[in-house]
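# Coordinate inspection notes
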Amino acid sequence: MKTLMTIIANDEIADRVFEMELEGALTSDMKTPGQFVHVRIDESTEHVLRRPISIASIDQEASRFTIIYRADGAGTSKLADRRAGENLDILSPLGNGYPLERDRHVLIIGGGIGVPPLYELSKQLNARGVKTTHVLGFNSQKDVFYEDKFSALGETFVSTADGSYGTKGFVTDVIEALDGPFDRFYACGPKVMLRALSETMEIDGYISLEERMGCGFGVCYACVCETTEGEYVKLCTDGPVFRKGEIVL
Ligand code: FES
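Rules of the game
Residues numbered from 1 in each chain as written. Predicted model: local features only at pLDDT ≥ 70, side-chain atom pairs only at ≥ 80, totals over all residues. Heavy atoms only, no water. Domains from an automatic or database assignment. Contact = heavy atoms within 4.5 Å. Buried area = accessible area lost by both parts, 1.4 Å probe. Salt bridge = Lys/Arg side-chain N within 4 Å of Asp/Glu carboxyl O. Helix = DSSP H or I, 4+ residues; strand = E, 2+ residues; numbered from the N terminus. Polar contact = N/O pair within 3.5 Å; in protein donor to acceptor, adjacent residues only side chain to side chain. Buried < 20%, exposed > 50% of the residue type's maximum accessible area, 1.4 Å probe, protein only. UniProt positions renumbered as here; feature names shortened; annotations may be inferred. Phe/Tyr/Trp six-rings, centres within 6.5 Å; stacked < 30°, edge-to-face > 60°. Lys NZ or Arg CZ within 6 Å of the ring centre and 35° of its normal.

### Observations regarding the domain arrangement of the chain
Entries for the chain in the domain assignment read domain 1 (2-94) and domain 2 (105-210). Here the C-alpha centroids of domain 1 and domain 2 sit 23 Å apart. Listed per partner, the contact involves 17 residues of domain 1 and 15 residues of domain 2. Summed over both partners, the interface of domain 1 with domain 2 buries about 1300 Å², with 58% contributed by carbon and sulfur atoms. Counting the surface domain 1 buries against domain 2, the share from its top three residues, Asp15, Pro33 and Ile68, is 33%. Viewed at the interface, domain 2 and domain 1 are joined by 1 salt bridge. Notably, a salt bridge pairs aspartate 15 with lysine 142, separated by 3.6 Å at the nearest N-O pair.

Right, dumping it as structure tokens:
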């Protein structure tokens, strides 16, 4: 559904990474962690293509939700200039999110701008009594965000590729040293990270893919990817969350 929502805040929380809080009635439709919104940057004809941005946190009581995005292109840089009190044109909620299984202890793994949807996931899992351990990977210290928020929910480890903060290396380097047992993993991040996890994790898991999208609701075929069964699925309507091993990475 398309609607105008009010920007409550739009703050830089890491290097060119912005956290935007929005308010509006459409929040009541947001139930499943891992879903995304499709944002129209502004009303100009310059930025007609919407941007898919995952939902980082939902506050049903306040009718507010939070998105986190990296301002790394012309459109998202324009989004970073939007101010509190302005309206934003949103299509939401889109996609299939993470199934919430009845596990005892799960591992939540995020890479870079793939970290945000895992926060709402961890909140909802903790609310159901599932213990969560988090591993968050970034390129460098200046890119790190939400470590404190994840730490409030469960044990949290950070890795940076350049070693400027936390463990030097990748999320897989941290995971190797962790004591389980874990019943399942949930991940979101770059394809290379998801591939490494799918190949090395022995437990079942869910991954969320970050791909370029067009329409966001199944009509343009810009987001098609291949399953390991040789079929084709659309990330926007069949995903973006899939079971480990379901998609060719
Ligand atoms: Fe258009 Fe998925 S983005 S079909």
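### A look at the side chain of threonine 76
Mapped onto the elements, threonine 76 comes out in helix α1 (residues 74-80). Reaching out from threonine 76, the side chain makes a polar contact with the backbone nitrogen of aspartate 72 at a distance of 3.2 Å. Threonine 76 has contacts with Ile41, Arg51, Tyr69, Arg70 and Ala71, leaving out every residue within four places of it along the chain.

### Digging into the pattern of salt bridges
Following the criterion strictly, the structure yields 10 salt bridges and no others. Two residues, arginine 64 and glutamate 23, come together in a salt bridge whose shortest N-O distance is 2.6 Å. Here glutamate 23 lies in strand β2 (residues 17-23) and arginine 64 lies in strand β5 (residues 64-70), a separation of 41 residues in the sequence. Classification of glutamate 23 by relative accessible area gives partly exposed; the value is 30%. As a salt-bridge pair, aspartate 204 and arginine 243 come within 2.6 Å of each other at their nearest N and O atoms. On the criterion of sequence distance, the pair formed by aspartate 204 in the loop between α5 (191-200) and β12 (205-209) and arginine 243 in strand β15 (residues 241-243) is long-range, its members being 39 residues apart. A network of salt bridges, in which partner residues are shared, links Asp103, Arg184, Asp204 and Arg243.

### Some points on the UniProt feature "binding site: FAD" (unreviewed entry) in the chain
Under the feature "binding site: FAD" (unreviewed entry), the UniProt entry names Arg51, Pro52, Ile53, Ser54, Ile68, Tyr69, Arg70, Gly75 and Thr76. Turning to its location among the elements, serine 54 is positioned in strand β4 (residues 51-59). The class for serine 54 is buried, based on a relative accessible area of 17%. If near-sequence neighbours (up to four positions away) are discounted, serine 54 is found in contact with Gln35, Phe36, Thr66, Ile67, Ile68, Pro116 and Pro117. In this structure, tyrosine 69 sits in strand β5. According to the relative accessible area criterion, tyrosine 69 is buried, its value standing at 3%.

### What to know about the environment of glutamate 23
A C-alpha to C-alpha distance of 9.3 Å links glutamate 23 and leucine 4, two positions 19 residues apart in sequence. Setting aside its immediate chain neighbours within four residues, glutamate 23 contacts Met5, Thr6, Ile8, Ala62, Ser63 and Arg64. Looking at glutamate 23, its side chain comes within polar contact range of the side chain of arginine 64, at 2.6 Å.

### Observations regarding the packing of aromatic side chains
A complete count under the given rule lists 7 aromatic pairs for this structure. Taken together, a centroid distance of 5.7 Å and an interplanar angle of 15° make the contact between phenylalanine 18 and tyrosine 69 stacked. Note that phenylalanine 18 is positioned in strand β2 and tyrosine 69 in strand β5, a separation of 51 residues in sequence. You can call phenylalanine 18 buried: its relative accessible area is 7%. Consider the rings of phenylalanine 145 and tyrosine 146, whose centres lie 5.9 Å apart with planes at 70°: the pair is edge-to-face. Here the two residues phenylalanine 145 and tyrosine 146 agree in accessibility, since each one is buried. Cluster of aromatic residues (ring-pair linked, three or more members): Tyr119, Phe138, Phe145, Tyr146 and Phe150. Sitting over the ring of tyrosine 146, lysine 149 keeps its end group 5.2 Å from the ring centre. Sitting above the plane of the tyrosine 221 ring, lysine 234 keeps its charged end 4.4 Å from the centroid.

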